[in-house]
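# Structural overview for review
Read off the chains here:
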Amino acid sequence: MTNNDDVLWPPAMFTEQLRKAGEEFTQQQQRFYEQLLAANQGGSAGGLSDFGAMSMGTAMFKTRVQSGGRLSIPDAEREALGIDEGDLVQAFVIPISKQRDNNE
């Protein structure tokens, strides 16, 4: 067995593969979503008209988990989407990375 500094220890390798898989999943979901929106805007009679409501008022952004598990929606997205305090929203959460220390 050769000594290679680029080879990760198995748990670290798993964590890196999981992070990459999460990023790839997010990209695939974004492409799928964009395809749905494009199909709906094309006016095809393929039964995608129900996605019209989904195409209105959506955003994708990154945020940090705060105390008590709270997530913040950035001001620009809240304003663009017309979200006010107390409004009910739906979130799709994909962890990107763990916080390494409390100073981040």
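Residues numbered from 1 in each chain as written. Predicted model: local features only at pLDDT ≥ 70, side-chain atom pairs only at ≥ 80, totals over all residues. Heavy atoms only, no water.

## What to know about the overall build of the protein
A tally of regular secondary structure across the protein gives three helices and zero strands. Counting helices and strands in the order they occur from the N terminus, the protein gives α-α-α. In the protein, buried positions account for 8% of the 104 residues. A total of about 9400 Å² of accessible surface is found on the protein, and carbon and sulfur atoms cover 52% of it. (Helix = DSSP H or I, 4+ residues; strand = E, 2+ residues; numbered from the N terminus. Buried < 20%, exposed > 50% of the residue type's maximum accessible area, 1.4 Å probe, protein only. Areas by Shrake-Rupley, 256 points an atom, 1.4 Å probe, with all protein chains shown as cover.)

## Examining the pattern of salt bridges
Counted according to the given criterion, the structure contains three salt bridges. Across the pair Arg19 and Glu16 runs a salt bridge whose closest N-O atoms are separated by 2.4 Å. Of this pair, Arg19 and Glu16 both sit in helix α1 (residues 10–41), three residues apart, roughly one helical turn. The exposure class of Arg19 is partly exposed, given its relative accessible area of 29%. In the salt-bridge network here, residues are joined through shared partners; they are Glu16, Arg19 and Glu23. (Salt bridge = Lys/Arg side-chain N within 4 Å of Asp/Glu carboxyl O.)

## With respect to a nonpolar patch on the surface
A surface patch of nonpolar side chains, about 290 Å² in accessible area, is lined by Val65, Leu71 and Val93. As for its placement among the helices and strands, Val93 is situated in the segment after α3 (75–81). When its relative accessible area of 56% is taken as the criterion, Val93 is described as exposed. (Patch = residues over 30% accessible without salt bridge, like charges linked within 9 Å, V, L, I, M, F, W, Y side chains within 5 Å.)

## Observations regarding the confidence of the model for the protein
In this model, the protein carries an average pLDDT of 75, and 69% of its residues clear a pLDDT of 70 or more. Note on residues 44–54: pLDDT under 50 across the span, and 10 contacts to partners over four residues away in sequence or across chains. (pLDDT = per-residue confidence, 0-100. Contact = heavy atoms within 4.5 Å.)

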